[in-house]
Amino acid sequence: MEQEFIYKKRIVDGVLSEQLEAAGMILIQGPKWCGKTTTAKQQAASVLYMNDPRTKDSNLNLASTSIDLLLDGETPRLIDEWQLAPQLWDAARFTVDQRGLDGQFIFTGSAVPAKRDKNSHTGTGRAAWITMRTMSLWESGDSSGKVSLGGVFSDAFTECQADSNDIRKIAFLLCRGGWPKAIGKSERVALRQAYNYVDAIASQEINDVDNVIRDEQSTRKLLRSYARHQATQASVATMMADMSANDATAMSDTTFLSYLKALKKIFVIEDMEAWNPNLRSKSAIRTSDTHYFVDPSIATAALRIGPEDLIRDMKAFGTLFETMAVRDLRVYAEALDGQIYHFRDSNGLECDAVLHRNDGSYGLIEIKIGGEANIEEGASNLKSLASKIDTDRMPSPSFMMVLTAVGGYAYRRKDGVLVVPISCLKQ
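Overview of the structure. Small disclaimer: the values here were computed from a predicted structure and weren't measured. (Residues numbered from 1 in each chain as written. Predicted model: local features only at pLDDT ≥ 70, side-chain atom pairs only at ≥ 80, totals over all residues. Heavy atoms only, no water.)

A few points about the packing of helix α10 (residues 216–228) against helix α13 (residues 296–303)
This is how it is decided: Axis definition: a line fitted to C-alpha atoms, over the contacting stretch in the case of helices. Angles run 0 to 180 degrees between N-to-C directions. Labels follow the DSSP assignment, with helices taken as runs of H or I lasting at least four residues and strands as runs of E lasting at least two, numbered in each case from the N terminus. For classification purposes, an angle smaller than 35 degrees is called roughly parallel, one larger than 145 roughly antiparallel, one from 65 to 115 roughly perpendicular, and anything else oblique. Handedness of a helix crossing follows the sense of rotation of the near helix relative to the far helix, less than a right angle counterclockwise being left-handed and clockwise being right-handed. Residues count as neighbours in contact if any of their non-hydrogen atoms are within 4.5 Å of one another. Under this grouping Gly is polar, as are all residues other than the nonpolar Ala, Val, Leu, Ile, Met, Phe, Trp, Tyr, Cys and Pro and the charged Asp, Glu, Lys and Arg.
Running from amino to carboxyl end, α10 crosses α13 at an angle of 120°, the nearest separation of the two axes being 8 Å. In terms of orientation, α10 lies oblique with respect to α13. Regarding α10 and α13, the two cross each other, and that crossing is left-handed. Counting all contacts with α10, which are made through Leu-223, Arg-224, Ala-227 and Arg-228, the residues of α13 involved are Ala-299, Ala-302 and Leu-303. Its residues assigned to classes, the contact of α10 with α13 shows five nonpolar, no polar and two charged.

As structure tokens, then:
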């Protein structure tokens, strides 16, 4: 018996709704299988599936001969997998100009177009961009949402008991990832989703992005190396050495970088930029990006490890938990008009995540598995960084938080630092 589809609300729903009132065309981009098309369909009045095998050839022909026919339909009109015919972007921009109306088109795509006319218009003033990721724990129903990040910015924090203090469950959620089709499945089936995703990347997706055939085994080795260097600023040379440690065939710098570029184009990799605050001290700020997959399950699937493996290796658990926490923070930040950065200076002072909002307010966040020693270390780092910020040139942090994998309560320490289990957090 066929099951009825029930749409799980996403945080990006509200972002999309606002952008439809603010711009003529919206581009939702992000990894395959994260739910972009399904989410866009909730607010679209008509849909064009560019990749529908029944109409793909005719769609591509029309894109070259009678492109207006593809854009004709009730608005907002969803153009799915638009990167197959990048000229649709300029055609829609021109149509928006002619109509003078907002909320006309929603574009969705899981890859940056391989080829785009160098004279193509960016859409500035007419278009808005939304990055959609896999589901956060709040969206998948695995966080109670008792602590709101938006509320914390306005000092609306209430101490509460966490619903779950089970490290095994967190390990499973990390390996399952936030893939919509994995939610609610049996553990074995849910974990299979991430393996299927990695298999698809290595065997096909990395080739389709720019029509360059890449070696499947080399892709898998690169993914494993990237997984081992999650939450670090490891150099290209370090990762290449890691790849070739047990392989006599070395990959050139150029080839390695081309693989990385392709993975970024299909939104598998989403590295984190460095935060550059005004500091009183003269210590240099490190500007290297921190390496992350868009979802932690890509790392565990690439390494072929599961929840029990993580529990036996708490160092790996901590590193990959950081990837999951960053994913959730990025999803929440999108709805708060913010972005997530990292901080590290030449003296070794670090902050795992800085949520910096467009209004200039920001929060400092350290990510830890839990336990008194870990929490104390995280709080110490946060206070040390806060003390170095030049508050004559920028505001003080709105909050400091240690975000943990496990913990019985969300609470405020005597020094003002918040301690929040991830299973309590929402946007």
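Structure shown, so let's carry the discussion forward.
Topic: the environment of Pro-277
As for its position among the elements, Pro-277 is in the loop between α12 (253–265) and α13. In this view, Pro-277 contacts Ile-285, Phe-343 and Met-394; residues no more than four positions away in its chain are not counted.

What to know about the environment of Ala-250
Stated formally: To sort residues, take the accessible area from a 1.4 Å probe on protein chains only and compare it with the maximum for the residue type: under 20% means buried, over 50% means exposed, and anything in between is partly exposed.
Looking at the element boundaries, Ala-250 is found in the loop between α11 (236–244) and α12. For Ala-250, a relative accessible area of 62% corresponds to the exposed category.

Some points on the pattern of salt bridges
What counts here: Each salt bridge in this description consists of a side-chain nitrogen of Lys or Arg and a carboxyl oxygen of Asp or Glu lying within 4 Å of one another.
Summed over all chains, the structure comprises 30 salt bridges. Here Glu-139 ties to Arg-10 by a salt bridge, and the two come within 3.3 Å at their closest N and O atoms. Linking Glu-139 in helix α6 (residues 137–140) with Arg-10 in the segment before α1 (12–22), this pair joins segments that are 129 residues apart in sequence. Judged by its relative accessible area of 8%, Glu-139 falls in the buried class. Here Arg-168 makes a salt bridge to Glu-308, at a shortest N to O gap of 2.7 Å.

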